[in-house]
There are 2 protein chains.
Amino acid sequence: MSLTNASPADAARAAKSASHVLATLSAEARNDALTAIHAGLTAARDEILAANARDLELARQAAADGKLSASLVSRLDLGKTGKWEDMLKGILDVRDLEDPVGRVTLRTKLDDGLELERVTCPIGVLLIIFEARPEVIANIAALAVKSGNAAILKGGKESTESFVAISTAISNALSQTQVPNDAIQLVTTRESIPQLLALDRDIDLVIPRGSNELVRYIKENTKIPVLGHADGLCSIYLTASADAKLAADVVVDAKTSYPAACNSVETLLVQESALTTVFPAVASALAAKGVELRCDAASKAALFPEITNIKDATPEDYNTEFLSLTLAVKTVPDLSAAIAHINTHGSHHTEAILTADQAEAERFMSAVDASGAYWNASTRFADGMRYGFGTEVGISTNKIHSRGPVGLEGLMIYKYKIRGQGHVSAVYGEGEGKKRFKHERLAV
Amino acid sequence: MSLTNASPADAARAAKSASHVLATLSAEARNDALTAIHAGLTAARDEILAANARDLELARQAAADGKLSASLVSRLDLGKTGKWEDMLKGILDVRDLEDPVGRVTLRTKLDDGLELERVTCPIGVLLIIFEARPEVIANIAALAVKSGNAAILKGGKESTESFVAISTAISNALSQTQVPNDAIQLVTTRESIPQLLALDRDIDLVIPRGSNELVRYIKENTKIPVLGHADGLCSIYLTASADAKLAADVVVDAKTSYPAACNSVETLLVQESALTTVFPAVASALAAKGVELRCDAASKAALFPEITNIKDATPEDYNTEFLSLTLAVKTVPDLSAAIAHINTHGSHHTEAILTADQAEAERFMSAVDASGAYWNASTRFADGMRYGFGTEVGISTNKIHSRGPVGLEGLMIYKYKIRGQGHVSAVYGEGEGKKRFKHERLAV
C-alpha cells in the first residue's frame, strides 16, 4: 500500500498497472500477503491505537462544539472492546475463504483441438470511498488482495491519523510480498473525490460505504459503475392467513432489532381482510416496543381506540426510509396490490410476505422487483455474513452484475480463453464445404 | 409490441410495469409468444417486404444523391437471399434455447426451516438502439420475450417503414398471448434518444447495436449501464517459437476474413527474435492478400526489400482500429513487453498469442486484460454463435456483469429468496445464548 501524494490520475494509472500484476499472482502469493498484513498490523498495534486516540481527541472536541455527531465519534474508536481483535481476525477470515480467482465456469469443445474456457478473474481497479470507521481500511485491503483487485481507498477526514498509521503498517507488510506497492493506495484529500470519479478509463468499479447521501452523491457524479445502494426501503406484506404470533415476531424483529440498518422494514402492507384479525396483535407488539405507526384511515380505524401511538400517514411516508422506530402502514386489498405498491415505492432491496399460503408466497417472491424476496422471515436477514458469504462488500440494489449482499464473488468478472492449434475462423460456416462447430459442453 | 406515441418517460414507465408481469410468466407462456410472433411475421410477409421496398427506394435515392452509403442501403434490404428466412428461423432458434429464467444457482440452509436460494431473473427494461438492419427488431423482440425482459426499441430512420410493418405484425401476434402489450415498444423519433438515455429509474440496461460512434455517443450520454463495445482493437503477439505456416494462417484469417469486424486483428506484435525467422512468412502471406503493413523500423528492416507494401508506422497507428486491410506492426523484446503494450493500447476485446511454448501461452492468457485471450487461434472466434451461445446480444468490453460475446445469460440478473417459518434475526449472533447459522451448502 502506498499513501499517495500523486495526482488522482497518476494514482489511478499506477493502480491499473499494479492490477495487471496482481491479477497474475497465485492464490498462495495473495494469501501470504494477507498473512503479512495481519502480522504487520499486530506488530504496529501501539502506534495505530495512539494515532486513533489523536483522531478521537479531535473528534470529541468537534462533538463538544456540536460539529460532529456522538455516533460518528463512537464509530471512530478502534479501542472499543473487541474492535481491534475483530479487525485482525477479519483479515485471516478473508484469507481462508475459497480462492475466487481462476475458477472455470464453462468449458466447451468448439472443435477438435479447439477449446473454449470461461475463467473468473479480478475486475481491475476498485475505488472505495468510506466514512468514519478506520477498521474498514484493513477489511477492504484484505478483500482487494484476496480477489486480485487493486484498490484506491479514500476515507473520511475524521479518521486520517488512524488511516495513515494503518496504511503505513500495511505498506511495510506488503513490501515483503509479491503484491505490488501501488496495488493498494490511500488518498487522503477530499478534493480528490470528484477527480477520481472522472477516471472511468482506469477505475472499474466504485464501492461507497457510508450514508445514503454519500452513495447518492457518488451515483450522480460518475460514469464508473457503482456497487451499492442509496436507499433501503423494505416492506412486509401481512396477509390474513399469517399466524399472528409469527407475524408479530417477524415484524418486530424487522423494525426494532436495528432500526438504522438498510434492511429494516419501513412499510407494512396489510391485507384488508387481516385488519381486524392478525393486524391488531402485530400493532400491539410494535407499540410495546415504542414503534410509532403512520396509518392510513382503514388501518387506523382497525386499531382505534386500543393503540394510541398512531399518526395519520402522508403520501410521502410510503416513500420514506425512516431509519428509526417509525413504520408506515397501508391497507391493500390483495396480493396484486401489495406487489404493485412495492414495485412502485420500494428501493429493490428486500421485501417479505407473511402468509400460510405457499402459492401466494411463491407468487410474491417471483413478482417483487427486489434483490431479496422472503417468505415468513425477517428482512434483517439480508446480509452477507448471514447469507454465509464470509464477508460483505456491501448490499447492491443494482440490476446488473451483483445484487443483494455482495461477497468476494461480486469483485470478480471472467475472461474467455481459447486454446487452439492454429485454428482459423473462415473454414467454419453453414455453406457447402464448410466445417461445423462441435459445441460439446465439457465438465468444469 | 406497441408503436408508441407516448412520451419517452411514459413509454419507459409502461415498459417497467409490463416487465413486472413478463418476469412472472412461465417458460411455456414466453415460448408460446415466440411461436405467435413467428406465425404473425410469416403471415405478414408481403406487407413487410412492401414496406421494406419503400424504405429501400428512398435509401437508393439518398445514396444516388450521395447522402447515404451503398453499404447501408445493402443492410436495409430484407429481400436479399436468405435474409427473411434467417430472421424467421432466428425466432424459433431463440425459442428453443434453454430457459434462462428461474435457474437456481445457489442454495444454502441457513438454519432449520430457513433456506436461502439464488434464482436467475430478468433484468427489467432494456433499451435497444440500433441502426439500419430491420431484421434486428425481430431478433431483439425474441431475445427480450425469451429472457423475460421488456424492451424499448429505437431503430434508424432509414428503416422506419420496415420497422413499423414488422412491429405491427409482432404487436398483433402478441395481443393473442400472455405477454403484455407494453412489454415491447417501438420508438421512431430520433429526438427521443437523449430523453430515453436520461430515464435511469425505469430503464435498466442500454444495448447499442451499430457503429463505434453510436456506442461512444451512448456511453457518454447516459448513467444507465451500457452493454457493448465502442472499439475492437485486437492484437496478436507472434513469438519466435511459433510455427510459420500456423502463424501465417491465423494472422491472415484474423486480418482478412472480415476486416470490418470488431474481432479482426489491428496490431501485430512481433518478438524481436522472430523478425528474421517466422515473421517474413507471415508478412508475405499478408502481402499476398493485399494487406498494407505499417511497420516500426526494426520490422520494416526485416522485410526489406522483399515486401514493398509497407508504410512507416506512426504512434497513432497503435491506437487505431483500421477496420480495413491495414495492420500495424511493432517489434517487442519479450512477452512482458507484449502484455504491457496490449494492456496500454488495447480495447479489452480479444488478444492472441502464437507460440509453441505452453507456459508462455498460459502467462499471456492470464495477464492480458481482455474479454478474450487466445492461444494459437484467430481472434475472429470471438462471437456468440461461434462460442455456442445460440444467439448474441453483442460483445461487451465492460469490466462488470457480462464480458465478451453476450448471449441470453447476459440479460439476466438474480434475486435471493428466503423461505422461513417466522425466523427472526435477533436470536443469531456470536454471544452467549445466541444461535449460530448452519450455512450448509445444498445441491442446486
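Just so it is clear, the structure is predicted and the values come from calculations on it, not from any experiment. (Residues numbered from 1 in each chain as written. Chains lettered and ligands numbered in written order. Predicted model: local features only at pLDDT ≥ 70, side-chain atom pairs only at ≥ 80, totals over all residues. Heavy atoms only, no water.)

Asks: Describe the relation of the copies chain B and chain A, and please don't skip the residues or the numbers.
Replies: Note on the identical chains: chain B maps onto chain A by a rotation of 180° and an axial translation of 0.0 Å, with an RMSD of 0.0 Å. One copy is carried onto the other by what is essentially a two-fold rotation axis. Considering only C-alpha atoms, the part of chain B nearest the rotation axis is H401(B), at 1.9 Å. Mapped onto chain A, 100% of the interface residues of chain B again fall at the interface, so both copies present the same surface. (Least-squares fit on C-alpha atoms with pLDDT ≥ 70 in both. Contact = heavy atoms within 4.5 Å.)

Asks: Just give me the short version of the pattern of salt bridges, but keep the residues and values in it.
Replies: Overall, the coordinates contain 52 salt bridges over all chains when judged by the stated rule. Taking the shortest distance from any N to any O, the salt bridge between R118(B) and E409(A) comes out at 3.6 Å. Taken together, the residues span two chains, with R118(B) in strand β3 (residues 114-122) and E409(A) in the loop between β16 (404-406) and β17 (412-423). According to the relative accessible area criterion, R118(B) is buried, its value standing at 12%. Notably, a salt bridge pairs E292(B) with K311(B), separated by 3.8 Å at the nearest N-O pair. (Salt bridge = Lys/Arg side-chain N within 4 Å of Asp/Glu carboxyl O. Helix = DSSP H or I, 4+ residues; strand = E, 2+ residues; numbered from the N terminus. Buried < 20%, exposed > 50% of the residue type's maximum accessible area, 1.4 Å probe, protein only.)

Asks: I'd love a proper account of the interface of chain B and chain A, names of residues and values included.
Replies: Opposite the 75 residues of chain B that make contact, chain A presents 75 residues. Summing both partners gives a buried area of about 6,000 Å² for chain B against chain A, and 55% of it is carried by carbon and sulfur. For the pair chain B and chain A, the interface holds 6 salt bridges. Applying the counting rule to chain B against chain A returns 43 residue pairs in polar contact (both at pLDDT 80 or more). (Buried area = accessible area lost by both parts, 1.4 Å probe. Polar contact = N/O pair within 3.5 Å; in protein donor to acceptor, adjacent residues only side chain to side chain.)

Asks: Tell me about helix α13 (residues 335-345) of chain A, and please be specific about residues and values.
Replies: Buried within α13(A) are the following residues: L335(A), A338(A), I339(A), H341(A), I342(A) and N343(A). Each element contacted by the buried residues of α13(A) is listed here: β8 (234-238), β9 (265-271), β12 (326-332), β13 (350-354) and α14 (358-367) of chain A together with α1 (8-22) of chain B.

Asks: I'd love a proper account of unusual backbone geometry, names of residues and values included.
Replies: Omega for the peptide link from F304(A) to P305(A) comes to 0°, which places this bond in the cis form. Tracing the chain through its elements places P305(A) in the loop between α12 (297-303) and β11 (310-312). The backbone of H348(A) sits at a positive phi, close to 65°, despite the residue not being glycine. Looking at the secondary structure, you find H348(A) in the loop between α13 and β13. One non-glycine residue with positive phi stands out, namely H401(B), at about 65°. Residue placement: H401(B) occurs in the loop between β15 (394-396) and β16 (404-406).

These results come straight from atomic positions and should not be treated as a statement about function.
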